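Residue strings, one per chain:
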Amino acid sequence: MEGKLSRLARTLKPSPIQDLSHFAERCGAINLAEGFPDFPAPAKIKEAAISAINSDFNQYRHVQGICDMLSKMMKQKHGLHFDPLTEIAICCGQTEAFAATIFATISPGDEVVVFDPAYETYETCIAMAGGVPVYVALDPPHWTLDGGKFMKSFTPRTKAIVLNSPHNPTGKVFSMQELEVIAEACCRMDCVAITDEVYEYITFEMHKHTSIASLSGMQERTIITSSLSKTFSVTGWRIGWAIAPCNIASAIRNIHIKITDSAPAPFQEAALTALSSPPLYFKSLREDYVTRRDYVIDMLVMFGFQVHFKPQGSFFIFAELPENWLSSDVDFVENLIKKAGIAAVPGCGFFHTSTYSQQYQSRYVRFAFCKSMATLTAAAKRISELASIKDGIILSK
Ligand SMILES: Cc1ncc(COP(=O)(O)O)c(C=O)c1O
């Protein structure tokens, strides 16, 4: 039956994260692998969705109010003016917005610069469009951007760069200095910046999210993609958007209409309630995540992990394996699932560059802390049964 598959389908591999999640589910493991919250979404927005269904918003739909609100928010947050009628396209989550953006801008042979480690879906989308991902390694332990290395990755075929900040899997928020380096390169090399800002409201301490579109000369060459998913704990609602100059936004909208027609109507209606949440909502979101982040860091350190980089945003910790674990990250995670009943993601799935030795790439594990305190406490209990502060890790192979 292999022959019945298209050339493209034959090149696509199943996501290792999903494979592990299924394995974890079969083992009844606590899921600290996947980036979706296991606690309820805000009651008010759920009521808005229920009310939309009861009001029979059940057909294909474009809710212009979302674009109006996003335009207002872009002005307030980043000082940017976007025409809500022509420069914003509503899609099914950031995932579709990103895919449509790639299809709208990337032709076969175009190169797209991506920072490494990277969220896994970028590569597939770029490859589906016939583009070529070119990876630039961020330097551990703080995942800093080396401007020289970055500039060397550009060629006459470079069409775009992908910027995900706050960053999955590391929790890095790109600094203003780094954004300036990226913006300058985009302007100099006449490239577009495709951003993934799904964690825009999940930043910690003094770290703030700045959209690169707000830097000089960038609005006309930036396509912002984001969604409701992470900010409102509704990853299953599939409401996202792309914000871009008119001609690109129009191409994205056309592609979106041909692929999915419209985002789910009742959830578009509920998005109006979500996006009008008061500042207090966003403040408590950040504060709650700081508590969860610190709790999981303490748990991991107790287990023997090395957390050299405290996440500045997003809801992931990219922790370095205990020194006395001599095997791979994949082996570690399999053991963690089997022996502790906890699922996490081996870091190797996020690395693409060959700059590092294989050993380096297999020394990280990603833990998601977007879970209820009850889930995190249960995970800590399971871990404490395997490890002691004094002995560090005792998870044997
Ligand atoms: C960096 C990043 N971008 C996008 C997504 C998916 O966003 P959405 O649910 O809006 O498609 C995720 C989900 O884990 C993510 O981590």
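Residues numbered from 1 in each chain as written. Predicted model: local features only at pLDDT ≥ 70, side-chain atom pairs only at ≥ 80, totals over all residues. Heavy atoms only, no water.

Named according to an unreviewed UniProt entry, the chain is Putative N-succinyldiaminopimelate aminotransferase DapC originating from Anthurium amnicola. UniProt annotates the chain under Sequence similarities (unreviewed entry) with the comment "Belongs to the class-I pyridoxal-phosphate-dependent aminotransferase family." In its Cofactor (unreviewed entry) section, the UniProt record describing the chain reads: "pyridoxal 5'-phosphate". (UniProt positions renumbered as here; feature names shortened; annotations may be inferred.)

K.L.:
Would you mind showing me how to read the domain arrangement of the chain here?
P.N.:
When the parts of a complex come together, some accessible area is lost, and that lost area is often used as the size of the interface. Looking at the assigned domains, one finds that the chain contains domain 1 (2-41 + 280-386) and domain 2 (43-275). Inter-centroid distance (C-alpha atoms) of domain 1 to domain 2 is 23 Å. Summed over both sides, the interface between domain 1 and domain 2 buries roughly 3,500 Å², with carbon and sulfur atoms accounting for 63% of that surface. For the salt bridge of Glu205 with Arg293, the shortest nitrogen-to-oxygen distance reads 2.6 Å. At seven residues, the largest contribution of residues to the side of domain 1 that touches domain 2 is made by helix H11 (residues 279-303). Of the residues that constitute the side of domain 1 that touches domain 2, the class distribution is 26 nonpolar, nine polar and three charged. (Domains from an automatic or database assignment. Buried area = accessible area lost by both parts, 1.4 Å probe. Salt bridge = Lys/Arg side-chain N within 4 Å of Asp/Glu carboxyl O. Helix = DSSP H or I, 4+ residues; strand = E, 2+ residues; numbered from the N terminus. Nonpolar A, V, L, I, M, F, W, Y, C, P; charged D, E, K, R; others polar.)

K.L.:
Help me out: how do you make sense of the sheet that holds strand E2 (residues 88-91) in this one?
P.N.:
Each strand in a sheet pairs with its neighbour through backbone hydrogen bonds, running either in the same direction (parallel) or in the opposite one (antiparallel). A sheet is described by the order of its strands in space; here seven strands give the open sequence E2-E8-E7-E6-E5-E3-E4, paired in mixed fashion. Taken across any chain shown, the strands that pair with only one partner, and hence form the sheet edges, are E2 and strand E4 (132-137). For this sheet, the mean angle separating the axes of adjacent strands, direction not counted, is 20°. One ladder, built from four bridges, connects strand E6 (residues 192-196) with strand E7 (residues 222-227); its direction is parallel. Looking at E7, one finds that Ala193 is bridged to Thr222. (Pairing = 2+ DSSP bridges. Axes fitted to C-alpha atoms, helices over the stretch in contact; angles between N-to-C directions.)

K.L.:
What's the story with the packing of helix H5 (residues 93-105) against helix H6 (residues 121-128) in this structure? I'm lost.
P.N.:
Angle between the axes and distance between the axes: these two values describe a pair of packed helices. Contact geometry for H5 and H6: axes closest at 9 Å, N-to-C directions at 35°. Considering the relative orientation of H5 and H6, their crossing is right-handed. Contacts between H5 and H6 involve Phe98, Ala99, Ile102 and Phe103 on the former and, on the latter, Tyr122, Cys125, Ile126 and Met128. Class assignment for the residues of the contact of H5 with H6 results in eight nonpolar, no polar and no charged. (Left-handed = near helix turned anticlockwise from the far one by under 90°. Contact = heavy atoms within 4.5 Å.)

K.L.:
I keep staring at the site of the ligand and nothing clicks. Help me out?
P.N.:
Near the ligand, the surroundings consist of 14 residues, among which Gln94, Thr95, Asp196, Tyr199 and Lys230 are the closest. Contact distances for the ligand include 2.5 Å between an oxygen atom and a side-chain N or O atom of Thr95. Contact distances for the ligand include 2.5 Å between a nitrogen atom and a side-chain N or O atom of Asp196. Notes on the ligand: free accessible area 400 Å², of which the protein chains cover 93%. When residues of the shell around the ligand are assigned to their parent elements, the largest contribution, three residues, is made by H5. (Near = heavy atom within 4 Å. Polar contact = N/O pair within 3.5 Å; in protein donor to acceptor, adjacent residues only side chain to side chain. Areas by Shrake-Rupley, 256 points an atom, 1.4 Å probe, with all protein chains shown as cover.)

K.L.:
For this particular structure, what's the right way to read the sheet that holds strand E12 (residues 364-368)?
P.N.:
Taken together, three strands build an open sheet; the order of strands is E9-E12-E11 and the sheet is antiparallel. Edge positions in the open sheet fall to strand E9 (316-320) and strand E11 (345-346), since each of these has one partner strand only. In the sheet, E9 pairs with E12 via five bridges, with the strands oriented antiparallel. In the sheet register, Glu320 faces E12, and the bridge partner there is Tyr364. Packing against the sheet, H11 makes contact with E9 and E12, and its axis sits at approximately 20° to E9. Set on the sheet, helix H12 (residues 329-340) makes contact with E11 and E12; between it and E12 the angle comes to about 40°.

K.L.:
Please explain helix H8 (residues 176-189) as it appears in this structure.
P.N.:
Every α-helix winds through 3.6 residues per turn, so residues three or four apart in the chain are directed the same way. An ideal rise of 1.5 Å per residue puts 20 Å on 14 residues; H8 measures up with 20 Å between its terminal C-alpha atoms. Glu178, Leu179, Ile182, Ala183, Ala185 and Cys186 are the residues of H8 that are buried. Take H8 and look down its axis: the buried residues cluster within an arc of 160°, on one side only. Along H8, the residues that are exposed and aim more than 90 degrees away from the buried face are Gln177 and Arg188. In this structure, the buried residues of H8 make contact with strand E3 (111-116), helix H7 (147-152), strand E5 (158-164) and E6. (Expected span 1.5 Å × (residues − 1). Buried < 20%, exposed > 50% of the residue type's maximum accessible area, 1.4 Å probe, protein only. Arc of directions from axis to C-beta.)

K.L.:
I would appreciate a short explanation of helix H14 (residues 373-386) in the present structure.
P.N.:
In this model, H14 (14 residues) spans 20 Å end to end at C-alpha, consistent with the 20 Å of a helix rising 1.5 Å per residue. Contact partners of the buried residues in H14: strand E1 (30-31), H11, H12 and strand E10 (342-343).

K.L.:
Would you explain the pairing of strand E8 (residues 240-243) in this entry?
P.N.:
Each regular strand shows side chains that alternate between the opposite faces of the sheet. With burial as the criterion, each face of E8 is covered, one bearing Gly240 and Ala242 and the other bearing Trp241 and Ile243. Taken together, the four bridges between E2 and E8 define a ladder with antiparallel strand orientation. Residue pairing for E8: Cys91 is matched across the bridge by Gly240. As paired elements, E7 and E8 share four bridges and run antiparallel to each other. Looking across to E8, one finds that Thr225 is bridged to Ala242.

K.L.:
When you look at the nonpolar core in this model, what are you seeing that I'm missing?
P.N.:
Within soluble globular proteins, side chains that are nonpolar tend to cluster in buried spots. Within the largest apolar cluster, 103 residues are counted, with the highest numbers of intra-cluster contacts made by Phe150 and Ile182. Per element, the largest residue contribution to this core is ten residues, and it comes from H11. When residues of this core are assigned to domains, at least three fall in each of domain 1 (2-41 + 280-386) and domain 2 (43-275). If you look at the next biggest cluster of nonpolar residues, it comprises 27 residues, including Ala97, Ile102, Ala118 and Ala160. (Core = buried A, V, L, I, M, F, W, Y, C linked by side-chain atoms within 4.5 Å.)

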